[in-house]
Amino acid sequence: MTPTGSPPDRPAERPRRTLRAPGRGGGDGAAGSETGVTAPVDPSHPGAGGMPDGDQAAAFARPGEAPAPAATSPGTGGDGQGRDRVTVIRIATGVILAAAALYAPFYFEPELNRVLAQVLYIAIAAMGLNLLTGFNGQVSIGHGAFFGVGAFTTAILMVDHGWTYEPTIPIAAAVAAAVGVAVGVPALRVRGLYLALITLGLAVIFPRVATKYVKGQGGIALLRPDRSEFNSLIDGLASDQWQYFECLVIAVVLFVLAWNLVRSRTGRAMIAVRDQELAASTVGVNLSRVKVGTFALSAAYAGVAGSLSVMIDRAADGTNPILYFQRSIEFLVAVVIGGAATILGPAVGAFLIVFLRRNTENLIEGKEVLAPAVFGAALIVIVYVLPEGVVGGLRKLVARLTKRRVPPSALTAAPMSESAP
Amino acid sequence: MDLFISQLLNGIGNGVVYASVALALVLIFRTTGLLNFAQGEMALFSTYISWKLASSGLPVVAAILLSMVIAFVAGAIIERVLIRPVEVGRSPLNVVIVTLGMFLAINSFAQLFFGTDPQTMPKPWPSDASGNDERINFLGQSISWAVIALALVLTAECVLLFLLLQKTRLGLKIRAVASNPDSSRLVGINAGAILMLGWALSAAIGALAGSLVAARSTGFDASLMATVLVYAFAAAALGGFDSPLGAVISGLVVGVADALTTQYVDALNGIELVVPLGLILIVLLVRPTGLFGRQTVERV
């Protein structure tokens, strides 16, 4: 079905839109092409220009949850004005955020740039987990292990085999994806919380395996590649800025990839498997292939993130027995508080947790042990206040605001056109 | 052979602990369909309470019983205040996040209130002056009192739970809510109260298990329950999450398998956790509902 609609003939197109409501309307195609231009320059928010529109959002929403934007799409979606305004707001936000992300490393101290780069790699791993958990419905508390696999792949290649940094990133992704397949195949047999458990074990066991088989300096599982490997290759760009931009570019590429994937045939298959496995298989979706494939891709994202973490944190560390379990929790939390099954969610979530943790650490003088408590309490509060995550909550808010702003005439006109066919 | 038997006994000792914690997990899962990731930390906090009570002069057994009562109340409050609001009709992921938040918060509160230094829990079974467990001879083997006490406690727990669930009106209500909350509400059961009771019972069992684990080990700190929880999850998964009997048997299986493999398989030295995880994996591949779980029929 080719998108035939363009903004001028939208009124005429309206009845047709309602007829093929379950599919992707022509309006979406238009919105997509409008924003396709802005997306690549939009750093941490590739979806900002064109978050999935009403119809798409309906497909994302799980049964039982109120599909907030979709519910209003007959009103706002059929009305060009409301939709255009939302699009303008989205593009404007996207451009502002893009500018901010590009300017940030020149404005902040090197120390803060490192924190921002940490946000980026956590966002990448969270995006990977989001593909698996948010879009495909497989809960994993083991992504820290894939992250660790990526980190150690990079570190081992650099320290023991003398590789330069950049070529190790695809290798780290590939190795993590291979481990992902190895976990994804048994994961086919189990679902929901059982899967969460198995993956949890994966995260707990990873540092022990690392401690047993990886011997860095002094015989402990801590590998520190040479710092000069990460130096800036561009004059006029300090190393911290260079590292930030490297993370940024990779994050943008991976987010755009994820954004395109979930709107593709494969993405719809992933979502269908999440929402109703049996029904998906009866319409010809190959369940095993989709689930294992998603697992592998998701693990590859985490592997890339782990590889980047070696550059930012300058070490692959297997000495802390619960570090990778904490990472797993971090990613899951980023997905849930950012908004599961959204494109922007993992980035927002990553930003929130990194800065929450940073600010809770020194919040109470002399009581550093309390930092996890504040962090945990903040998580609980966010889940209370924004059960659909920050992005889900914002979507609801935008839907409500634009609905209110639609002129009365349009409000009365919309239902008529709905009932026309 | 002696080594084998002593490892076997050691495994049973561990297994009993895993079984108790797994029992607590299963109780919550049966009544609410949730996995409580904070179970271990709730038990840790209660353990600290019983340690505090015991070191302020109360007899150990009384201290543990009192901490169980406190945990019972606290478990009910946690269910009502923290879990219920996010549980109703929303994504189970949110509840997972809340229990993970509790995990972090309770652990750090425990460190704040009780300090980070290792503490010694007085033993509720016979021990000599230097704190070692007394041993008795049985069939030519010396068995530590700790193993016997733990086994007795676990047996008592199981019998009491069985009587509660199968022989009382309250137990009937609990089972009704577990099998179908909506229908049980229609026949006049206060499902909310039952859910609170499930969490309360589970917290109390956790308190008991935690205190005994602490008493069995030489010292304990805030990381006491971390590995125990993994093994307990393994036991619960192995037994099928909805079967208390399965949890107990699998707890013992996990404990024994762990002790024997680490004794006889050198390659596993340092990565003992592979054993419970491998067990879960194998069982779930063969029987996705666990050894003792029930098949559920899903409607499309």
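Below is a summary of the structure that appears in this document. (Residues numbered from 1 in each chain as written. Chains lettered and ligands numbered in written order. Predicted model: local features only at pLDDT ≥ 70, side-chain atom pairs only at ≥ 80, totals over all residues. Heavy atoms only, no water.)

**Here's the deal with the overall build of chain A**
- Helix and strand counts for chain A come out as 18 helices and two strands.
- Across the 421 residues of chain A, 54% fall into the buried class.
- Of all intrachain contacts in chain A linking residues separated by at least 6 positions in sequence, the fraction that spans at least 24 positions is 76%.
- Accessible surface, chain A: about 17700 Å² in total, of which carbon and sulfur atoms supply 64%. (Helix = DSSP H or I, 4+ residues; strand = E, 2+ residues; numbered from the N terminus. Buried < 20%, exposed > 50% of the residue type's maximum accessible area, 1.4 Å probe, protein only. Contact = heavy atoms within 4.5 Å. Areas by Shrake-Rupley, 256 points an atom, 1.4 Å probe, with all protein chains shown as cover.)

**A look at the packing of aromatic side chains**
- In total, this model carries 21 aromatic pairs over all chains according to the counting rule given.
- A ring pair is formed by F106 of chain A and F245 of chain A, whose centres lie 5.9 Å apart and whose planes are at 45 degrees; its orientation type is tilted. Taken together, the residues span a long stretch of sequence, with F106 of chain A in helix 5 (residues 80–107) and F245 of chain A in helix 10 (residues 239–263) at a distance of 139 residues.
- Looking at F106 of chain A, the relative accessible area reads 44%, which means it is partly exposed.
- For F245 of chain A, a relative accessible area of 16% translates into the label buried.
- Between F37 of chain B and F233 of chain B, the ring centres sit 5.4 Å apart and the planes meet at 55 degrees, which makes this aromatic pair tilted. Linking F37 of chain B in the loop between helix 1 (2–32) and helix 2 (39–55) with F233 of chain B in helix 9 (residues 224–239), this pair joins segments that are 196 residues apart in sequence. Side by side, F37 of chain B and F233 of chain B carry an identical accessibility label, which is buried.
- One aromatic cluster is present, formed by F45, Y48, W51, F109, F113, F114 and F220 of chain B through successive ring pairs.
- Above the ring of W259 of chain A, the side-chain terminus of R263 of chain A is found at 4.2 Å from the ring centroid. (Phe/Tyr/Trp six-rings, centres within 6.5 Å; stacked < 30°, edge-to-face > 60°. Lys NZ or Arg CZ within 6 Å of the ring centre and 35° of its normal.)

**Side note on the interface of chain B and chain A**
- Opposite the 49 residues of chain B that make contact, chain A presents 40 residues.
- Scanning the region where chain B abuts chain A turns up three residue pairs in polar contact (both at pLDDT 80 or more).
- Where the side of chain B that touches chain A is concerned, the elements lending two or more residues are helix 3 (60–87), helix 4 (92–114), helix 9 and helix 11 (274–286) of chain B.
- Its residues assigned to classes, the side of chain B that touches chain A shows 35 nonpolar, eleven polar and three charged. (Polar contact = N/O pair within 3.5 Å; in protein donor to acceptor, adjacent residues only side chain to side chain. Nonpolar A, V, L, I, M, F, W, Y, C, P; charged D, E, K, R; others polar.)

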